[in-house]
Every structure is written in structure tokens, then in C-alpha cells.
Amino acid sequence: MALVNKIIPFSCIDGPGNRTAIFFQGCNFKCTYCHNPETINKCINCGKCILTCKADALFKIDNKVVWDEKKCIGCDDCIKACDNLSSPKTKDYSVDKLFEEIKEISPFIQGITVSGGECTLNSDFLVKLFKKVKDELNLTCFIDTNGSIDLTEHKELVDLTDKFMLDVKSIDEDEHIKLAGVSNDIVLRNLKYLLSIDKIYEVRTVIAPNLNNEETVREVSKIIKNKCKYKFNAYRKYGVRKEGLDFHGKVGPSEEEINQYIELKNKYCK
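Residues numbered from 1 in each chain as written. Predicted model: local features only at pLDDT ≥ 70, side-chain atom pairs only at ≥ 80, totals over all residues. Heavy atoms only, no water.

A. Seen up close, the sheet that holds strand S6 (residues 111–115). Strand order in the open sheet formed by eight strands is S5-S1-S2-S6-S7-S8-S9-S10, and the pairing between neighbours is mixed. Two strands lie at the open edges of the sheet, namely strand S5 (91–93) and strand S10 (229–234), each paired on one side alone. Across this sheet, the average inter-strand angle for adjacent strands is 30°, counted without regard to direction. The sheet contact formed by strand S1 (residues 2–11) and strand S2 (residues 19–24) spans five bridges and is antiparallel. If you follow lysine 6 over to S2, its bridge partner there is phenylalanine 23. Together, S1, S2, S5 and S6 form the strand contacts of helix H2 (residues 95–105), whose direction differs from that of S5 by roughly 95°. (Pairing = 2+ DSSP bridges. Helix = DSSP H or I, 4+ residues; strand = E, 2+ residues; numbered from the N terminus. Axes fitted to C-alpha atoms, helices over the stretch in contact; angles between N-to-C directions. Contact = heavy atoms within 4.5 Å.)

See the structure below:
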């Protein structure tokens, strides 16, 4: 079983073609600029969210918070009230149950992309899911990851994955610890490993205030060269928790600033 935060049946921004994007609940990073921090932790069933629900879509059964999707009006007051960086609006899935949802829309998609939270924390689940999706539906399987688990130790998962979309948040270890709460050692090892076996679709870096974006873009570009795409996501304040807003501010980079990083990338991605 795995806990899923959200499924987007049709997405054109989570890899090539029309794809189903599956967002798993739970992350081992705690990024200051995270725009969906409600996916970081799993619900501790404190019940605070129940008091905020205007639609009576939340209640407790056997001391567990239960979400009635049919009653929910999508106001997200429950998420705003949560002190645990979590959400009561999640679902437990077996591999078979999730596969059946994918199967229903399979004629209209080119593949699936699993994301999060951090989806690779459910690596055994993904291996079983990818096997069924590839064997029975002949769809491609992509992973969108923060690169936090050592993928050299998960060969079966890597072999089953068509391509990875890897976040490199900062090239500097101290800055990465300040930003995400953990070292970037495994992330950079995964970057080099996946590049060496041609398994990366794109690398992404968030361009945010008060980070040494120039160093990260320059050094990551040197590693990537021309082996895959390198995409920049501009920091935006929406969804970012207070400590992130205090650190990065409420104004993201301008289009001109992003273009400067694109020029820097082009200088080294050759």
C-alpha cells in the first residue's frame, strides 16, 4: 500500500506527451520554498482540520481522520489549518487499485509520471506498479524525484524507469542543508549516475532569492553538458509557508533574471 495525495489524469508538463501524474504523500526534504508543503508529512490524526471543514467532509473513525471526497468543496481550509505540513485529503492505494485507475484512461495517455512528496520512498510499490503498467498497458514510466535515495542500490527500479526528472536544488552542500534540511551528496551522485546510463529526461533547479543560483547553474551545467534538458523554475510565493517567505521574500526572479541563467547554462551545456 502507498499513500497518494493527488492524481492528475492528464498532464502535459510532467514529461513528454499526455501523461497521468501521480503525487505520493510524504517527503524526506523540507524545502523552504516548497509550494505544496502539505505533501511533506503524513497525517497524525490530531483532528484540528475537522473543526475547519464547512462541508462536513472530514470526520474520525477509530481515531483516524477520514475524508469524504464527494462532500469536499475544495476550499483547502483543512490544509491551511494543519500544523503538521500534511493533508487529510489523501488515499491509500494498492498497486492493483492504482493500476485500474490508470488502465481506465490508458488509451488517452503516453505514460505515467510519479512524483510527490517524494515518490521513491515507495520504491517497492513503484517496482510492482511499473511492471504492470509496462507489461499490460505498454506505457512509459517516469519518476520525478529529489534524488534523495541512492539509486545505485535500486537497480530494478532504475531499469524499469524510462526516464528520471531530477531536482538539483543547490550545488553547495551547506546551502542545500539550509534549504532542504539534508545534504546533497546522494543527489549529486544520482545525477552523475543517471547521466552515465542515459536515464535523465531533465534536471530542474528552482531559481529563488537568497540562494547562490549562479554557482548552482554554472556547476550543474558543467556536469550535464548536452546530455539532457536543464529547466529553471522561478520561485513564487504561492503555497510557501511562513519560514520560506521570511527567507526568500514574496517576489520571485524576473523574466530578465531567468534569461540570464539560461545564457549561463548555454555557455556550459555544450
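Now that the structure has been shown, we can carry on.
B. Summary view of the state of the cysteines. In this structure the tally under the stated criterion is zero disulfides. Looking at the unpaired cysteine 49, the closest cysteine sulfur is the one in cysteine 43, lying at 5.8 Å. In this structure cysteine 49 comes out as buried when scored by relative accessible area, which is 9%. (Disulfide = S-S within 2.5 Å. Buried < 20%, exposed > 50% of the residue type's maximum accessible area, 1.4 Å probe, protein only.)

C. Geometry of the layout of surface pockets. Within this model, the second largest pocket holds a volume of roughly 280 Å³. What lines the second largest pocket is a set of 13 residues, among which Leu3, Lys64, Val65, Thr90 and Asp92 lie closest to the centre. Those elements giving two or more residues to the lining of the second largest pocket turn out to be strand S4 (64–67) and S5. For the lining of the second largest pocket, the leading source of residues is S4, giving four residues. When grouped by side-chain class, the residues that make up the lining of the second largest pocket number six nonpolar, three polar and four charged. (1 Å grid on protein atoms, 1.4 Å probe; cavity = no way out; pocket = protein on both sides within 12 Å on 5 of 7 lines; lining within 4 Å. Points joined across faces, edges and corners; volume = space filled by probe spheres on them. Nonpolar A, V, L, I, M, F, W, Y, C, P; charged D, E, K, R; others polar.)

Read these as layout, nothing more, since geometry by itself doesn't imply function.
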